[in-house]
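The primary structure of each chain is shown beneath.
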There are 2 protein chains.
Amino acid sequence: MTSIAAPPPDGSLSERHIRILDAAESVFARAGFHAATMHDVAVEAGMSPGNLYRYFASKDAIIAGMAERDRAQIAADFTQLDPAGAVLDQLEDLGRRHMIQKPREKAIIALQIWAEAARNPAMASMCADIDETVIGGLVAAISGAKASGELPANLDDARFLQAIFMMADGFFCRRAVDPQFDAAAGADTLFAAMRGLAQVLLLPEPDEARP
Amino acid sequence: MTSIAAPPPDGSLSERHIRILDAAESVFARAGFHAATMHDVAVEAGMSPGNLYRYFASKDAIIAGMAERDRAQIAADFTQLDPAGAVLDQLEDLGRRHMIQKPREKAIIALQIWAEAARNPAMASMCADIDETVIGGLVAAISGAKASGELPANLDDARFLQAIFMMADGFFCRRAVDPQFDAAAGADTLFAAMRGLAQVLLLPEPDEARP
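Predicted model only: the values in this text are computed from it and were never measured.

1. Quick word on the overall build of chain A
Then, in step 1: The number of helices and strands found in chain A is nine helices and zero strands.
Then, in step 2: Order of helices (α) and strands (β) in chain A, N terminus to C terminus: α-α-α-α-α-α-α-α-α.
Then, in step 3: The principal-axis extents of the C-alpha atoms in chain A amount to approximately 70 × 40 × 30 Å.
Then, in step 4: Taking all 211 residues of chain A together, the buried fraction comes to 50%.

Here you go:
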């Protein structure tokens, strides 16, 4: 990030940084990342363009700030998981918070960031950082649930994770593209599928006699 | 579509229309839909800009042409399904053709179109047309497979379709965003999950005694 007025040293965001990121999310979702200008963001945030530039030097810096805010939020969510509790229930709660309770704008922004990332290595690297945070959290949670017996010991973790990831990305695509998309029903499908897949995406048993 | 040199009356595309759409896919994937110009497309297609405008009046018209070409291809694929054959095997073959054999460019273009569609009703309507074609084909195939006994009679079609759709959209996101994405392994996961979900995403039995 190239902000000049640095965020507080503890890694949290200042009230001003938060206000700018919120304003930019509204503007980018409405006008599109490409068409939106720093001036639009400043107006939405209720500050002068000159002041805005003290916090973020460019639209790219704002996008990086948004991505880092999301990544930090997800990381914090995963630290709240109770290893002694039912993992699938907790993942569903966490997932629903990100998928339903947040406004559709978030999905539109995510789609724009992905479309940029497909051609822009810096954005692709930000996306990879977020994925790493999510995957790290999921791998730890799933391995705990296998140890406790909540999930089958022979669950094919890699495929299970990849299937959930693809469904979650697809959920955000659908939510962004279709204003009529029923996010609650989509999440119901996703989590029913997650629970089903936890029982059937199994590794082949090496000692299983095959006909 | 606002092309001036109309495609052949049988609905097929002329060699020139095909050449332009292929060129535009390369240019849009490389430069991005927003940054790309009609001039870039003309250069890539090996024709003068003036000639290009005889076929497509704008970038939006080219995008509409791409979307309609994809939709027609998908519709044709579904008419090839053999109702007497194993449906899941045939859907997997069809899916793999679209997911793996086509270049990554196609996924990058799809993501750009979705990102546009999130804010542009005309593009959203093109996406909805493609979805309708896919859903129509899938609903017919699944209902045949339920009748033949290949799929459980109490399969929750709506959730099954939505879960597959989300995974497929997520597959294209991942393929577009991550140049290292292993498309074959991703497709293996998707189709293993599809086969698993066909067994577990069931409607509640109305006469099932619940404890």
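Now, onward.
2. Re the relation of the copies chain A and chain B
A rotation about some axis, followed by a shift along it, carries one copy of the chain onto the other.
Then, in step 1: The transformation that overlays chain A on chain B combines an axial shift of 0.0 Å with a rotation of 180°, and the residual RMSD is 0.0 Å. As the rotation angle and translation indicate, the two copies are arranged about a two-fold axis.
Then, in step 2: A share of 100% of interface residues in chain A that are also interface residues in chain B marks the association as one of identical surfaces.

3. Looking at the UniProt feature "domain: HTH tetR-type" (unreviewed entry) in chain A
Then, in step 1: With numbering aligned to this structure, UniProt lists the feature "domain: HTH tetR-type" (unreviewed entry) at residues 14–74 of chain A.
Then, in step 2: In the segment residues 14–74 of chain A, helix accounts for 79% and strand for 0%; the C-alpha atoms at its two ends are 19 Å apart.

4. Remarks on the packing of aromatic side chains
Two numbers describe a pair of aromatic rings. These are the distance of the centres and the angle of the planes.
Then, in step 1: Scanning the entire structure with this criterion turns up six aromatic pairs over all chains.
Then, in step 2: Ring geometry for Phe28(A) versus Phe33(A): centroids 5.3 Å apart, planes at 80°, classification edge-to-face. Pair check on accessibility: Phe28(A) and Phe33(A) agree, each one buried.
Then, in step 3: Seen in terms of ring centroids, Phe171(B) and Phe172(B) are 5.6 Å apart; in terms of plane orientation they differ by 85°. Their pairing is edge-to-face.
Then, in step 4: The lysine or arginine in question, Lys59(A), covers the ring of Phe33(A), its NZ or CZ lying 5.0 Å from the ring centre.

5. So, the interface of chain A and chain B
How big an interface is tends to be expressed through the accessible area that disappears when the partners come together.
Then, in step 1: The interface is formed by 43 residues belonging to chain A together with 43 residues belonging to chain B.
Then, in step 2: Here chain A and chain B share an interface that buries about 3,300 Å² over both sides, 68% of which is from carbon and sulfur atoms.
Then, in step 3: Across the contact surface, chain A and chain B share four salt bridges.
Then, in step 4: In this structure, the salt-bridge partner of Asp131(A) is Arg174(B), at a minimum N-O distance of 3.0 Å.
Then, in step 5: Applying the counting rule to chain A against chain B returns eight residue pairs in polar contact (both at pLDDT 80 or more).
Then, in step 6: Those elements that place two or more of their residues in the side of chain A that touches chain B are helix H1 (15–31), helix H6 (104–117), helix H7 (121–148), helix H8 (157–177) and helix H9 (183–200) of chain A.
Then, in step 7: It is H8(A) that provides the largest number of residues to the side of chain A that touches chain B, a total of 13 residues.

6. So, the nonpolar core
Then, in step 1: Core analysis: the biggest nonpolar cluster contains 152 residues, and Phe28(A), Ile62(A), Trp114(A), Phe28(B), Ile62(B) and Trp114(B) have the highest contact counts within it.
Then, in step 2: Apart from residues no more than four positions distant in its own chain, Trp114(A) is found in contact with Cys127(A), Asp169(A), Phe172(A), Cys173(A), Leu111(B), Cys173(B) and Val177(B).

7. Examining the domain arrangement of chain A
Residue and element names in this part refer to chain A.
Then, in step 1: You can read the domains of chain A as domain 1 (1–57) and domain 2 (67–200).
Then, in step 2: Put simply, the middle of domain 1 and the middle of domain 2, counted by C-alpha atoms, are 27 Å apart.
Then, in step 3: Each side of the interface is counted separately: domain 1 has eleven residues, and domain 2 has eight residues.
Then, in step 4: Summing both partners gives a buried area of about 880 Å² for domain 1 against domain 2, and 56% of it is carried by carbon and sulfur.
Then, in step 5: If you sort the residues of domain 1 by the area they bury against domain 2, Glu25, Ala29 and Phe33 come out on top, with a joint share of 56%.
Then, in step 6: On inspection of domain 1 and its partner domain 2, the count reaches three salt bridges.

8. Notes on the side chain of Lys106(B)
Residues and elements named next belong to chain B.
Then, in step 1: Looking at the element boundaries, Lys106 is found in helix H6 (residues 104–117).
Then, in step 2: Among the polar contacts made by the side chain of Lys106, one reaches the side chain of Glu25 at a distance of 2.9 Å.
Then, in step 3: Ignoring any residue separated from it by four or fewer positions in sequence, one finds Lys106 in contact with Glu25, Arg69 and Asp70.

9. Some thoughts on the packing of H9(A) against helix H8 (residues 157–177) of chain B
Then, in step 1: For the pair H9(A) and H8(B), interaxial distance at closest approach is 9 Å and the crossing angle is 85°. The pairing of H9(A) with H8(B) is recorded here as roughly perpendicular in orientation. Facing H9(A), whose interface residues are Ala185(A), Gly186(A), Asp188(A), Thr189(A), Leu190(A), Ala192(A) and Ala193(A), H8(B) presents Arg159(B), Gln162(B), Ala163(B) and Met166(B).
Then, in step 2: Each residue belonging to the contact of H9(A) with H8(B) can be placed in one class, and the counts come to six nonpolar, three polar and two charged.

Cut-offs and rules
Residues numbered from 1 in each chain as written. Chains lettered and ligands numbered in written order. Predicted model: local features only at pLDDT ≥ 70, side-chain atom pairs only at ≥ 80, totals over all residues. Heavy atoms only, no water. Helix = DSSP H or I, 4+ residues; strand = E, 2+ residues; numbered from the N terminus. Buried < 20%, exposed > 50% of the residue type's maximum accessible area, 1.4 Å probe, protein only. Least-squares fit on C-alpha atoms with pLDDT ≥ 70 in both. Contact = heavy atoms within 4.5 Å. UniProt positions renumbered as here; feature names shortened; annotations may be inferred. Phe/Tyr/Trp six-rings, centres within 6.5 Å; stacked < 30°, edge-to-face > 60°. Lys NZ or Arg CZ within 6 Å of the ring centre and 35° of its normal. Buried area = accessible area lost by both parts, 1.4 Å probe. Salt bridge = Lys/Arg side-chain N within 4 Å of Asp/Glu carboxyl O. Polar contact = N/O pair within 3.5 Å; in protein donor to acceptor, adjacent residues only side chain to side chain. Core = buried A, V, L, I, M, F, W, Y, C linked by side-chain atoms within 4.5 Å. Domains from an automatic or database assignment. Axes fitted to C-alpha atoms, helices over the stretch in contact; angles between N-to-C directions. Parallel < 35°, antiparallel > 145°, perpendicular 65-115°, else oblique. Nonpolar A, V, L, I, M, F, W, Y, C, P; charged D, E, K, R; others polar.

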